[in-house]
Amino acid sequence: MKSVSKTSVWSKAIHSSADPQRAQKFFDLLAEINPASQVWKSNSAAQLKILASLFSGSQALGNLLVAHPGWLDCIAIERLEFPRREQGLRAEVNDWLEPLLESKNYSGALSRLREFKQREMLRIAARDLARLGNVSEITRDISDVADVCLGAVLEICSRQFTARFGEPWQRDANGNWRRTEFCILGMGKLGGQELNYSSDVDVLFVYSDEGNVFKEPPAKNKTPRAVMANHSFFNRLAEAFIAEVSRMAPEGMLFRIDLRLRPEGDSGPLCRSSGSYENYYAQWGQTWERMMLLKARGIAGSRNLAGEFLEMIQPFRYPRSIGGDALQEIRAMKNRIEHEVLQAGGLERNVKLGRGGIREIEFIAQSQQLLRGGKLPFLQGSQTLPTLEKLAQYNLLPESEARALASAYCFLRDVEHRLQMDENLQTHTIPESASARERLAKLMGFKTFREFDAARRAHSDEVRNIFDKTLGAEKTGAARETFPREFNGAESEWKKILAEHSFRDPEKGLAVLREFVEGPGYIHVSPRTIELARKLLTNFFAHCPNSKTGLAAEKNQVLSDPDRVVTRLDNFITAYGARAVLFELWNSNPGIFELLLLLFDRSEFLAELAIRTPDLVDDLVTSGRLRRQKSAAETLRDLRHGIADADQKLWLRRYHQAELMRIGLRDILGLADPEQYLAELSALADACLQYAVEIATRKHKFKSPPFVVIGLGKLGGAEIDYGSDLDIIFVADANAGNLRKTQRVAVDVMDLLSSRTEMGLVFHTDARLRPDGEKGLLVNTLGAYEEYYRQRAQLWEIQSLTRTRPIAGDLQLGEKFQQLAAGLTNFKNPDEPPAAFSRDWKEKIHAMRMRIEKERTQSGKDELAIKTGKGGLVDAEFIAQTLCLENGWNHANTMRALEHGRETGALPDAEKLIQSYRQLRRVEGILRRWSYEGETVLPDEPEPFYRVSVRCGFSSPREFRVTLAAWRKNIREVYNKVFST
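Just so it is clear, the structure is predicted and the values come from calculations on it, not from any experiment. (Residues numbered from 1 in each chain as written. Predicted model: local features only at pLDDT ≥ 70, side-chain atom pairs only at ≥ 80, totals over all residues. Heavy atoms only, no water.)

Colleague: Let's hear about the overall build of the protein: which residues, and what values?
Modeller: When you go through the protein residue by residue, the secondary structure sums to 43 helices and 14 strands. A globule of 981 residues ought to have a C-alpha radius of gyration of about 30 Å, yet the protein, at 40 Å, is considerably larger. Oriented by its inertia axes, the alpha-carbon framework of the protein measures out at about 135 × 65 × 55 Å. Contacts in the protein between residues far apart in sequence, at least 24 positions, make up 71% of those at least 6 positions apart. Entry remark: accessible area of the protein is about 42500 Å², with carbon and sulfur atoms responsible for 48%. (Helix = DSSP H or I, 4+ residues; strand = E, 2+ residues; numbered from the N terminus. Rg over C-alpha atoms; globule rule 2.2 N^0.38 Å. Contact = heavy atoms within 4.5 Å. Areas by Shrake-Rupley, 256 points an atom, 1.4 Å probe, with all protein chains shown as cover.)

Now the structure itself:
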């Protein structure tokens, strides 16, 4: 071989390499040890250049070739042209692994596996140094080798354990035994298929569920003696796996294992069940763990279990929303790395962790995935370069910045590889010795270290600029909190703060707030969750009236009863269960938290509903449905989705509750004014009635509805409020036939809506306004109604016909009823007036109003009776109905009738009346919204009256009383003019 060593081809390859002296040494050694290699015989310039690059770039790999000279042909140029695929690697290993396992030659299998790994790393490094593969190909190739090796070790260990102890089993939900599955998840660079030559492999061990290990398979009615619990079995299996993977053997070591990313780090168990991981991340998961899980990938064991695990953690690692402080946390992580991890002087030389290094590029990509990946699935992925590409593609990062980051990433990973492959050391730091630096520069394709360093600094500067722009500069100080950091020892200070923020019982409030922050005591709350709770407290206090500073939220956002609100918050958290997840949600989306504060303060009824179904509010907010105003037709379409449900009462009540919450939240947030929410509640009532008629009609096998449902009162006027009854009558055609059968349909309609179940009722239906009241037929013909109204009805019953509307069923028949009602209520030009009509009808209606005021208003409580008292809502309603009778108008809606009076000039001081009525009706809605009862009387006690004042937007009860009196005075003045009293 001496003659070959002197050829110009060989000499040129050596002298053009980064380290000619080292290259010459290894060429000479291998030429002596393996003179018959095809590499020498080919005398190919390209092949010899590959060898020279390899020898110059890695002392460790040169020594490996000297130890295994037969591997020289494995790096022949034709074998390096393309990367190997995982399938080919796995097939090669399986060819010899299975026979060795069958013969139980486990040590032989592990020895051969280590040799396989060393040989493949030699091949990959040769491709890399010869520039036959880019960064993505090289890191994927290394990761594929790791996957195959780790999978093989798990198989070897599993075979030994099951042979010795038996197999692990678990019971499913039906009590049947199933084999317990186990998998290993790769994290970090292993999970992202971005491994280095000397990377640790970050892993998590997961098994499907708790159970026991048996020598014999268990049966449903026969359970053999358990050898050990599943947890013990898989912990021991993991220990064996770690030992074999990290063992230093004559053939070399496979990989260093890093387990610090598991829950609770070094102090946590090696293995957990899938459910245990779910509970941990829900209660304890922190921002860094979300980022870590972005790269999670099943690399060995059960593919099914790995897939289930990834699906389970999907909402945690890709949350639908996350707080803006997540960026600050990521920035803080990087600052800690720079200040604590890097040794003095290493900040500028560490290409991974230093300023403008690889970690900053990864943090930029992962921070955007964390913030946006839950809503933008195309951002979900475990690799850095494809993520940067997607960020640019969808204009989430300027294309120039994405290109700069990708270019820097490839450059710095190249540097990292050349640093690590020389001595197979886990280093990321540019050496200090001049010779080593010059060799590194040449390996990177630069003539001098100065040129290389200038290029590296340019990349790092660009990365740091984008990092600062994306994650923000480090904050020098945190915002000062207005309350103590701790509860112990600061009880008196806390009570003072609570008293200043309008707590009625500071001592009890302190106990609830302490539990809010620190947890109920029987569970351990993570520091992260406690910190999130403290931030929420700041938001909470901002909505409380402050007697010391006078500062609070806007009037419509001030809490009227902080004591009750914190109690409701505590109940809600208990019902929700996952405290950490909930606090993350509230901090990332403060609007949801503030909405719940207002909900718990503004409506006892809706608060109870939210606590029973804690996901309902979150779903309404995130789905965007709060922004929609729904018509009766849209609501009916939604209801019909449940037409096939076996329990129609349950379906109706579930849907009704969800819609009540949607409408109530729109009202509380001011997304719907009082007239809009009344219209929406009326549309909900219309749709529920129509749906109930359809269900009952089908049940009794009618081809079409046998009647029309006419709405009266608030329903007729489309003014349904919280807790309103539905006043209805059932009108059949003259050809209805068997009215008894038709009445059974009507009974079922009312039962569907009004019968009380464990989920309450939908609407209370009231049919007592029919002819002859409860003594009359529930369903009667149109002719019978006409005869009654013309001959026997009293004046108040004719007055009630001014507020009728066909709601459901036979709407053509409903139009005929409306024509009848229009004729009966036209007192201006009555063709055939009803018997109740008289020339002094107006005086009689006034007398009726005065009787209501006297009989339905408690003595001495007129000021509180906003409906029946002097200048109350009934005044305005009687004005509207009288105008309709007097002028022959058909306006069932009170506000529309008053507005028509203003437009025609028939209503004196119309604007004063309309504005005062609108405000008074808003107060009624606030009262009704609280309890979902027909409340129309203000509370007598000072404290409840104060709370109503705040809910109505007033800063003091006195201001509320004065304004309320003015509205009612306006209404009564107009009433007196209309009735000329």
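The rest of the description comes next.
Colleague: So, the sheet that holds strand 5 (residues 212–214): which residues are in play, and what are the values?
Modeller: Pairing is antiparallel across the open sheet formed by 4 strands, whose spatial order is 2-1-5-6. Here the strands that pair on one side only, and so sit at the sheet edges, are strand 2 (177–179) and strand 6 (228–229). Here 3 bridges tie strand 1 (residues 167–171) to strand 2, and the two strands are oriented antiparallel to one another. Each residue of the ladder has a partner; that of Arg171, found in strand 2, is Trp177. (Pairing = 2+ DSSP bridges.)

Colleague: Tell me what's going on with the pairing of strand 14 (residues 805–809), and back it up with residues and numbers.
Modeller: The buried fraction of strand 14 is high, at 4 of 5 residues. Pairing of strand 10 (residues 708–712) with strand 14 involves 4 bridges; the strand directions are antiparallel. For Ile710, the partnering residue across the bridge sits in strand 14 and is Pro806. (Buried < 20%, exposed > 50% of the residue type's maximum accessible area, 1.4 Å probe, protein only.)

Colleague: Which residues make up the pattern of salt bridges, and what values go with them?
Modeller: By the definition in use, this model includes 81 salt bridges. Here Arg947 ties to Asp561 by a salt bridge, and the two come within 3.6 Å at their closest N and O atoms. Taken together, the residues Arg947 in helix 42 (residues 942–951) and Asp561 in the loop between helix 24 (527–542) and helix 25 (562–576) connect sequence positions 386 residues apart. A single burial state applies to Arg947 and to Asp561, both of which are buried. Salt bridges sharing partners connect three or more residues here, namely Arg504, Asp561, Asp563, Arg564, Arg568, Glu604, Glu608 and Arg947. (Salt bridge = Lys/Arg side-chain N within 4 Å of Asp/Glu carboxyl O.)

Colleague: Tell me what's going on with helix 27 (residues 590–602), and back it up with residues and numbers.
Modeller: Here helix 27 contains 13 residues, and its C-alpha end-to-end distance of 18 Å stays within 8% of the 18 Å for a straight helix at 1.5 Å per residue. Judged by how many residues are buried, helix 27 sits mostly within the fold: 10 of 13 residues are covered. All of the buried residues in helix 27 are Ile592, Phe593, Leu595, Leu596, Leu597, Leu598, Leu599, Phe600, Asp601 and Arg602. (Expected span 1.5 Å × (residues − 1).)

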